[in-house]
Structures are given as C-alpha cells and as structure tokens.
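Chain residues, written in single-letter form:
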Amino acid sequence: MKVNVSQFNHLEQVLFAMLRFDRPADAVLTAHFRQHSKLGGTDRHLIAETAFACLRHLESLRPLCGKQVNSRRLALVTLVRIGGANLRELDGILKENEREWLAGVKGAELPAEMSARAGLPAWVIGLLAEQEEGDIVALGKGLASAAPLDLRVNTLKMRRDDALVQLQDSGIACEPTPYSPIGIRLKGKPALTRHPLFVGGAIEVQDEGSQLLGLLTGARRGEMVVDFCAGAGGKTLLLGAQMASTGRLYAFDISEKRLANLKPRLARSGLSNVN
C-alpha cells in the first residue's frame, strides 16, 4: 500500500477529528471531504478505508503505539498492521525516530488483556462477563471485519434476478444476499451513484440486517404504518414497497436534517404513499 505525504496528512487530520468522538465518524469524513473537494477518488478511498479500519481495530491498535497514543501513530500502525504497508512504502512520511518502532509493529504480539485480544472496550467486555472468553474474542473479531456492501432491490420496479443480471452485465460482481430475498451483495465497493439502476430507483444501498428488520414487520397493502425512527428513510422505502405504494406510510425522525435526505430517495423510488 503506497501512501504519499498528502494522503497521510489528510488521514491524520481525519483520525484526529474522529477520535474526539463528539460526532459520528461518517459526518467527520463527509465534512473533511467537503472542505477538501479537490481530493481524488483514490485519495478519498484510502483515507476513508484506513480511518474506519483504525476505528474498528482501535482497542487492538492502541497498545502497539507505545507510550504515545495519538492520531499520527494510530494512522501509521493501521497502515502497517491492517493495510499491510511496509516501511519503504512510507518513505517521505516516517520520521527517523519512528522507523525502529514501526519495524517491530507488524509482527508484534498483542498484550494478554482481553480488550486487546478481542478489540473491544473494557466496559463492553464487562457487560459480557458471563460469556466464554473464546466467544468474546470471536465477537470482537467479527465486529472488526469490514461490512460488505449490500443493495436492496425495489420490488416495485424490478425483480432481484433481473437486477443481478443487469449489474453483472455492467461489470459489477455480485450475488444474492444469504437471508434477505430482495438483497444483493456486492464484491468490493464499486461506484453506484451513476448506475442506471440506482438513478432509476431500482436499487438502494441497504445492509441485509436492515432489510430483514423491515421484512419482519410484514407490512401489507392498504395498511397504515408508522416508522418513528426513519432517519434517511431506508427502511421506510422498503416498507412502502412491501405495501405496494398503497395505504398510508408515515416517516418520523427527531432530526429534520436526516429526514430531508429521504426526499431524493423517495423521488427515485416511485412511492406515492409516504408522508
């Protein structure tokens, strides 16, 4: 993983802001990219993926930083330990006094503490005290894995099998989700915002877990359904498709700004029963 000085500087800035934990990490990243609009797609991908990898593995990475745990050291440790970068690929970034320390990071063993081995904060481990240690470690490793990119097919406009074929024909590797009957799992994270299926409202980005929650409601034609925590409206749109755009569907949220993000998605969806 070759990293240039500019990319690293942006990564360090993003991590510094994220690790204050005063707002959501994705909001920090969005604000940073908006402020630095000239960053290219490759730069944004490296910065975003590395920053989120650092957050997912934070409890395991902190002990590797030594006495100085800061955004710079965490960025370096993440690049080497998680990203697989070698010291030569970090030329121009490393300070002389960092080389010896970082050289030992790649193969360093984690401390015996459960928080480091499981990658979970101590307060979480405390809540899991009755669980077997192996199960706690397995849970931590599972949570540290990057989530796949899932899509939901808008059944008002298309069947899943047809969407799969069209995505594959356009060069996007994908397969059906294992549990949701209307989901598609992508291999990798291709750009979708200009894809005809996305623009036309036939697909939406939505993880399989959220799809299953919506499906469990069993919403049907002609009913009145209320989503009291609609956010940007992913599950609202799913419910509307289940209802075949009939009946009444209400979307509520305490954040007007988040709810405003539903409007363009609603326009693409073809639903007419959402209030």
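Higher on the page you've got the structure.
### Some details on the layout of surface pockets
So, step 1. Looking at the largest pocket, its volume works out to about 1,400 Å³.
So, step 2. Secondary-structure elements contributing two or more residues to the lining of the largest pocket are helix 2 (25-35), helix 3 (41-56), helix 13 (234-242) and helix 14 (256-260).
So, step 3. Element by element, the count of residues in the lining of the largest pocket is highest for helix 3, at 8 residues.
So, step 4. Taken together, the residues that form the lining of the largest pocket break down as 18 nonpolar, 8 polar and 10 charged.

### Some points on the pairing of strand 6 (residues 248-251)
So, step 1. Where burial is concerned, the two faces of strand 6 differ: the one with Leu249 and Ala251 is buried and the one with Arg248 and Tyr250 is not.
So, step 2. Handedness of the β-α-β unit built from strand 5 (residues 224-227), helix 13 and strand 6 comes out right-handed.

### Section: the nonpolar core
So, step 1. Counting 33 residues, the largest nonpolar core has Leu76, Leu90 and Leu102 as the members making the most contacts within it.
So, step 2. Only helix 1 (5-18), helix 2, helix 3, helix 4 (58-61), helix 5 (71-82) and helix 6 (96-103) provide two or more residues apiece to this core.
So, step 3. If we ignore the near neighbours within four places in the chain, the residues touching Leu102 are Leu76, Val77, Val80, Leu87, Leu90 and Leu94.
So, step 4. Counting residues in each nonpolar core, the second largest holds 16 residues, with Leu151, Val153, Leu167 and Ala202 among its members.

### Details of helix 10 (residues 160-169)
So, step 1. If you check which residues of helix 10 are buried, you get Arg160, Ala163, Leu164 and Leu167. Summarising the axial view, the buried residues of helix 10 lie within an arc of 105 degrees, below the 170-degree limit, and thus occupy one face. Of the residues in helix 10, the exposed ones pointing more than 90 degrees away from the buried face are Asp161 and Asp169.
So, step 2. Structurally, helix 10 contributes buried residues whose contacts are with strand 1 (149-153), strand 2 (174-176), strand 3 (183-186), helix 11 (196-199) and strand 4 (203-205).

### Observations concerning the pairing of strand 3
So, step 1. For strand 1 and strand 3, the ladder comprises 4 bridges, and the chain directions are antiparallel. Its bridge partner being in strand 3, Arg152 is matched across the sheet by Gly183.
So, step 2. Two elements, strand 2 and strand 3, share 3 bridges in a ladder whose sense is antiparallel. The residue of strand 3 that forms the bridge with Pro176 is Ile184.
So, step 3. Counted between consecutive antiparallel strands, the loop separating strand 2 from strand 3 contains 6 residues.

So, how was this worked out
- Residues numbered from 1 in each chain as written.
- Predicted model: local features only at pLDDT ≥ 70, side-chain atom pairs only at ≥ 80, totals over all residues.
- Heavy atoms only, no water.
- 1 Å grid on protein atoms, 1.4 Å probe; cavity = no way out; pocket = protein on both sides within 12 Å on 5 of 7 lines; lining within 4 Å.
- Points joined across faces, edges and corners; volume = space filled by probe spheres on them.
- Helix = DSSP H or I, 4+ residues; strand = E, 2+ residues; numbered from the N terminus.
- Nonpolar A, V, L, I, M, F, W, Y, C, P; charged D, E, K, R; others polar.
- Buried < 20%, exposed > 50% of the residue type's maximum accessible area, 1.4 Å probe, protein only.
- Right-handed = clockwise from strand over helix to strand, strands pointing away.
- Core = buried A, V, L, I, M, F, W, Y, C linked by side-chain atoms within 4.5 Å.
- Contact = heavy atoms within 4.5 Å.
- Arc of directions from axis to C-beta.
- Pairing = 2+ DSSP bridges.

These figures come from the coordinates and say nothing about function on their own.
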